[in-house]
Amino acid sequence: MAREVAPSAKSRGFGQTERRDLWWVEPLAIFCGLSAFIVYATWAAFQGNHYYFGPYLSPFYSPEVFGDSPHSWFGPKPEWWPLWLSFSPALLILWAPGGFRLTCYYYRGSYYKAFWADPPACAVGEPRQHYRGERSFPLIIQNAHRYFLYLAVVFLFFLASDVWKALWFTNPATGVVSFGIGVGTIVLAVNVFMLSGYALGCHSMRHLLGGGKDELKRALFGRTGYNCVSCLNNHHMRWAWGSLFWVMFSDLYVRLCSMGILTDWRIL
């Protein structure tokens, strides 16, 4: 008796499949989620205003190398900034955390499917017949992920410093600085927690702490450190999405407070 052989995804036309489940829901949800973040983050980065409120600084603008807020390291816009280019402090630093997410192993698999349909899902026909891999330009840039990881860890310290600053409020009437906790303090603290879970659970971090070869005898901080990173790595997708939307929410919260739309309630 002749056996019927199922055609491979490569031989199918685009979108053709024998799957009967709702395979298109996940890539569609990823497309909508990432698109929403990209649109908002791009808009917020080019605003250049309403990114700070009292002791709060939006994570999209931290660290503020140049800018008009009290958080700025070196004062206002530098004179060498091109006149034809709109200035925003976020444009100086977002390339680092953005590069970390763009080259992330999880996000690669997600946006390859959702945006490029490469492939749209398992056992579903894709629009191309040839696989080029990540050994040629531009996808060879993905191999820089481990270097973006180092930058992302440094940014965690900057953001943690912002949380510390968010604990000190200045009385506008007397100018006295006092300790306190506002809703914004908690929002920024949760943001650091979420980003730390995402960055420290990164596949490259797990490889690094595994001594470069994922061997426990070479682990930098022993079995305990390696197991902790592995535990975070097991839920890397959840950390990736949770941190993505929380960092966006953090910017939105600071922005709405700065615009006077929201009132930042003091808890302590």
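Everything that follows concerns the structure shown earlier in this document.
Just so we're clear, the structure is a prediction, and the values are computed from it rather than from any experiment. Along each chain, numbering runs from 1 in the same order as the chain's sequence is written. It should be noted that, the model being predicted, local features are given only for residues of pLDDT at least 70 and side-chain atom pairs only at 80 or more, the latter also being counted only at that level, while totals for whole chains, interfaces and linings use all residues. With hydrogens and water set aside, each side-chain value is computed from the structure's full complement of heavy atoms.

## Details of the layout of surface pockets
By volume, the largest pocket is sized at about 790 Å³. Think of a 1 Å grid over the protein atoms and nothing else: a 1.4 Å probe that fits but is trapped marks a cavity, an open set flanked by protein within 12 Å on at least five of seven lines marks a pocket, and residues with an atom within 4 Å of a point count as lining. Lining the largest pocket are 30 residues, and of these Phe 37, Pro 97, Gly 98, Gly 99 and Arg 101 lie nearest its centre. Broken down by secondary-structure element, the contributors of at least two residues to the lining of the largest pocket are α1 (25–47), α2 (95–102), α3 (105–116), α4 (145–165), α5 (183–200) and α8 (236–258). Polarity classes work like this: nonpolar for Ala, Val, Leu, Ile, Met, Phe, Trp, Tyr, Cys and Pro, charged for Asp, Glu, Lys and Arg, and polar for all others, with Gly in that last group. Residue composition of the lining of the largest pocket, grouped by class: 25 nonpolar, four polar and one charged. Grid points are joined across faces, edges and corners, and a volume is the space filled by probe spheres set on the points. Of the volumes computed, that of the second largest pocket is approximately 280 Å³. A class-by-class count of the residues in the lining of the second largest pocket yields six nonpolar, three polar and four charged. We count a stretch as a helix when DSSP gives it H or I for four or more residues in a row; a strand needs E for two or more, and each element gets its number in order from the N terminus.

## Here we look at the packing of aromatic side chains
Any pair of Phe, Tyr and Trp rings, taking the six-membered ring for Trp, is counted once the centres come within 6.5 Å. Such a pair is stacked with planes under 30 degrees apart, edge-to-face with planes over 60 apart, and tilted for the rest. Across all of its chains, the model carries 29 aromatic pairs by this definition. Between Tyr 40 and Phe 60, the aromatic rings sit 6.3 Å apart at their centres with planes inclined by 50 degrees, giving tilted as the arrangement. Linking Tyr 40 in helix α1 with Phe 60 in the loop between β2 (56–57) and α2, this pair joins segments that are 20 residues apart in sequence. As far as burial versus exposure is concerned, Tyr 40 and Phe 60 are alike and both buried. Pairing Tyr 56 with Phe 169 gives two aromatic rings, centres 6.0 Å apart and planes at 90 degrees, and the pair type is edge-to-face. Partly exposed residues are those whose accessible area sits between 20% and 50% of the maximum for their type, while under 20% is buried and over 50% is exposed, using a 1.4 Å probe and protein chains only.

## As for unusual backbone geometry
Cis geometry marks the peptide bond from Ser 62 to Pro 63, where omega comes out at 0 degrees. As for its placement among the helices and strands, Pro 63 is situated in the loop between β2 and α2. Look at the link from Phe 137 to Pro 138: it is a cis peptide, with omega at 10 degrees. When you line up the elements, Pro 138 lands in the loop between α3 and α4. Located in the positive-phi region is His 50, a residue other than glycine, with phi close to 55 degrees. Relative accessible area serves as the criterion here: at 32%, His 50 is assigned to the partly exposed category. Of note in this structure, Ala 123 is not a glycine but carries a positive phi near 60 degrees. A relative accessible area of 39% means that Ala 123 is categorised as partly exposed.

## Here's the deal with the pattern of salt bridges
Every case where a carboxyl oxygen of Asp or Glu lies within 4 Å of a side-chain nitrogen of Lys or Arg is listed as a salt bridge. A full pass over the atoms with the stated rule returns three salt bridges. The partner of Arg 108 in a salt bridge is Glu 134, with the nearest N and O atoms 2.8 Å apart. In this pair, Arg 108 sits in helix α3 while Glu 134 sits in the loop between α3 and α4, placing the two residues 26 residues apart along the sequence. Measuring nitrogen to oxygen at the nearest pair gives 3.3 Å for the salt bridge that ties Arg 255 to Asp 251. With Arg 255 and Asp 251 both in helix α8, this residue pair falls four residues apart, about one helical turn. The buried category is assigned to Arg 255, whose relative accessible area is 2%.

## Details of empty space enclosed by the protein
Evaluation of the coordinates by the stated rule reveals one cavity of 30 Å³ or more. As for the largest cavity, its lining consists of Leu 57, Ser 58, Pro 59, Leu 159, Asp 162, Val 163, Leu 188, Asn 191 and Val 192. Every element with two or more residues in the lining of the largest cavity is listed here: α4 and α5.

## Focus: the environment of Tyr 52
The topology assignment puts Tyr 52 in strand β1 (residues 52–53). Taking the C-alpha atoms as reference points, Tyr 52 and Ser 69, separated by 17 residues in sequence, lie 7.0 Å from one another. It only takes one pair of heavy atoms within 4.5 Å for two residues to be counted as in contact. The residues contacting Tyr 52, other than those within four sequence positions of it, are Leu 57, Asp 68, Ser 69, Pro 70, His 71, Val 254 and Ser 258.

## Brief notes about the environment of Tyr 105
Relative to the assigned elements, Tyr 105 resides in helix α3. The spacing of Tyr 105 and Trp 246 is 141 residues in sequence and 20 Å in space, taken between C-alpha atoms. Apart from residues no more than four positions distant in its own chain, Tyr 105 is found in contact with His 145, His 203 and Ser 204.

## Considerations on α1
For α1, built from 23 residues, the straight-helix expectation of 33 Å at 1.5 Å per residue is met to within 8% by its first-to-last C-alpha distance of 33 Å. Among the residues making up α1, those that are buried are Pro 27, Ile 30, Gly 33, Leu 34, Phe 37, Tyr 40, Ala 41, Ala 44 and Ala 45. On its buried face, α1 is in contact with α3 and α8. Expected span of a helix, by definition, is 1.5 Å for each gap between consecutive residues, and there is one gap fewer than residues.

Treat this as a map of the structure, not an account of what it does.
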